[in-house]
Amino acid sequence: MKHPYFLLTVAAFLASLHLSAQTVVRGHVVNTRGETVEYVSIGFEDDSVGVVSDIRGHFELTIPKGRTDTLSFTHVSYLPAVLPYSDYASGQELTVVLYDKVVELAEVVVGKKNKPKTIVGKGVPVPGGVIGIAGHGSSESTEGGVTFSCSRDYVLSDILLGVSGTSYQQCTISINVYEKRDGRFVNILQHPLYEIIKKETGTQTLDVRPEENILLKLDTDYYVSLAVVDSEGDGMLFIKPYLKGGLYRNFIKGKTKRLPVCPAIRIKGYEVDQ
């Protein structure tokens, strides 16, 4: 019979080999003014994102053995940054600097009626159903939403989201607006859209109104989605589902999947004069 001490020693040795095979990247994301940047998506570009920085800009990402890809850092208000393997391989604490995104906004003239019209409306509700959205920190952390195209040009006015509740004490969600370019969805927001949802609030309809002018163009594909980027405790966000095609991305596994149900998202906008 082997001595228990021997077994423990072997187990500890094997664990150390496993840990040494991984690279743990830790750091802090700031802008050029030294201000922290919250909720930055960090990971390998071809695998979606692996982690999101917290509200103070801190992050920690464990990279499997053999991965020497360039890390990407993306946030809607800043230019993307990349970090080669040689810069993070040592596992030392990093400070990553993001540069402001300078964008010239197109001038648009809103239609004279000046009343928002529904671009994406209600689908058929799934009786008694909910969609569970897991936050970062879970292997099933997911971004989910609806894809659509417009019959004419609009300026986005409202994103309405049907929330069934949450088992988190509190969570922060980001709402994202993507435009399809060269086969990929690119976030077209200039400023983040965040909403805080509390457990005691229960069922509600969020009405998110961007402060910037977001032009949704004729015959262009878009993807409006939500993701849990911060939370207190373990749990999920529960969203009302519609019987309408939805698009989902797993943040950790980097996989995209289309399902026959989507989060209850309605989108309104002002018609643009041609």
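Analysis parameters
- Residues numbered from 1 in each chain as written.
- Predicted model: local features only at pLDDT ≥ 70, side-chain atom pairs only at ≥ 80, totals over all residues.
- Heavy atoms only, no water.
- Helix = DSSP H or I, 4+ residues; strand = E, 2+ residues; numbered from the N terminus.
- Buried < 20%, exposed > 50% of the residue type's maximum accessible area, 1.4 Å probe, protein only.
- Contact = heavy atoms within 4.5 Å.
- Areas by Shrake-Rupley, 256 points an atom, 1.4 Å probe, with all protein chains shown as cover.
- Pairing = 2+ DSSP bridges.
- Axes fitted to C-alpha atoms, helices over the stretch in contact; angles between N-to-C directions.
- Polar contact = N/O pair within 3.5 Å; in protein donor to acceptor, adjacent residues only side chain to side chain.
- Salt bridge = Lys/Arg side-chain N within 4 Å of Asp/Glu carboxyl O.
- Phe/Tyr/Trp six-rings, centres within 6.5 Å; stacked < 30°, edge-to-face > 60°.
- Core = buried A, V, L, I, M, F, W, Y, C linked by side-chain atoms within 4.5 Å.

Novice: Which parts of the structure should I look at to understand the overall build of the protein?
Specialist: Per the secondary structure count, the protein includes two helices and 23 strands. Here the protein holds 274 residues, and 41% of them are scored as buried. For the protein, the proportion of contacts with a sequence separation of at least 24, taken over those separated by at least 6, is 74%. When the accessible area of the protein is evaluated, it comes to approximately 15,100 Å², of which 52% is carbon and sulfur surface.

Novice: Even after reading the chapter, I still don't get the sheet that holds strand β4 (residues 58–63), so can you show me in this structure?
Specialist: What links the strands of a sheet is backbone hydrogen bonding, and the strands pair in either a parallel or an antiparallel sense. Spatial ordering of the open sheet is given by β4-β1-β7, a layout of three strands whose pairing is mixed. Where the open sheet ends on each side, the last strands, each with one partner, are β4 and β7 (94–98). The average undirected angle you get between the axes of adjacent strands in this sheet is 35°. Across five bridges, strand β1 (residues 23–31) lies against β7 in parallel orientation. Directly across from valine 30, in β7, lies its bridge partner valine 97.

Novice: What's the story with the sheet that holds strand β2 (residues 41–44) in this structure? I'm lost.
Specialist: Pairing is antiparallel across the open sheet formed by four strands, whose spatial order is β3-β2-β5-β6. For this open sheet the edge positions go to β3 (51–52) and β6 (78–83), each flanked by a neighbour on one side alone. Where β2 and β3 come together, two bridges link them in antiparallel fashion. Bridging across to β3, isoleucine 42 finds its partner in valine 51.

Novice: Help me understand the side chain of asparagine 31 in this model?
Specialist: Structurally, asparagine 31 can be placed in strand β1. Looking at asparagine 31, the relative accessible area reads 2%, which means it is buried. In terms of polar contacts, asparagine 31 uses its side chain to reach the side chain of glutamate 35, at 2.8 Å. Setting aside residues up to four positions removed in sequence, asparagine 31 forms contacts with Val37, Tyr78, Val97 and Leu98.

Novice: In this structure, what is going on with the pattern of salt bridges? I would like to understand it.
Specialist: Two side chains bearing opposite charge may form a pair once their charged atoms approach each other closely. Tallied over the full model, the rule gives 12 salt bridges. A salt bridge links aspartate 100 to arginine 33, with the nearest nitrogen and oxygen atoms 2.6 Å apart. With aspartate 100 in the loop between β7 and β8 (117–120) and arginine 33 in the loop between β1 and β2, this residue pair connects regions lying 67 residues apart in the sequence. Salt-bridge contacts for glutamate 271 lead to lysine 117; the nearest nitrogen and oxygen are separated by 2.8 Å. Here lysine 117 lies in strand β8 and glutamate 271 lies in strand β23 (residues 265–271), a separation of 154 residues in the sequence. Residue classification places glutamate 271 among the partly exposed positions, given a relative accessible area of 21%. Salt bridges linked by common partners bring Arg33, Glu35 and Asp100 together as one network.

Novice: Would you explain the packing of aromatic side chains in this entry?
Specialist: Tallied over the entire structure, the rule returns six aromatic pairs. The interplanar angle of 50° and the centroid separation of 5.5 Å between the aromatic rings of phenylalanine 185 and tyrosine 223 together place this pair among those described as tilted. One end of the pair, phenylalanine 185, is in strand β13 (residues 184–187); the other, tyrosine 223, is in strand β17 (residues 221–232), and 38 residues separate them in sequence. Using a relative accessible area of 25% as the deciding quantity, one classes phenylalanine 185 as partly exposed. Put simply, the rings of Tyr178, Phe185 and Tyr223 touch in pairs and so form one group of aromatic residues.

Novice: I keep staring at the environment of threonine 68 and nothing clicks. Help me out?
Specialist: Mapped onto the fold, threonine 68 is located in the loop between β4 and β5 (71–75). Residues threonine 68 and proline 84, 16 residues apart in the sequence, show an inter-C-alpha distance of 8.1 Å. Excluding residues that lie within four positions of it along the chain, threonine 68 makes contacts with Tyr85 and Tyr88.

Novice: Before we go on, may I ask you to explain the nonpolar core in this structure?
Specialist: Across soluble globular proteins, nonpolar side chains have a tendency to be buried as a group. Formed by 38 residues in total, the largest nonpolar core has its most connected members in Phe148, Ile159, Ile173, Val177, Leu216, Leu237 and Ile267. Per element, the largest residue contribution to this core is five residues, and it comes from strand β11 (residues 154–166). Ignoring anything within four residues of it in the chain, the contact list for leucine 237 reads Ile131, Gly132, Ile133, Val163, Gly165, Thr166, Tyr168, Cys171, Ile173, Ile197, Leu226 and Val228.

Novice: How should the side chain of aspartate 158 be read in this particular structure?
Specialist: Tracing the backbone through its elements, the reader meets aspartate 158 in strand β11. Residue classification places aspartate 158 among the buried residues on the basis of a relative accessible area of 8%. Within polar-contact distance, the side chain of aspartate 158 engages the side chain of serine 157 at 2.8 Å. Setting aside its immediate chain neighbours within four residues, aspartate 158 contacts Pro116, Asp207, Val208, Arg209, Arg266, Ile267 and Lys268.

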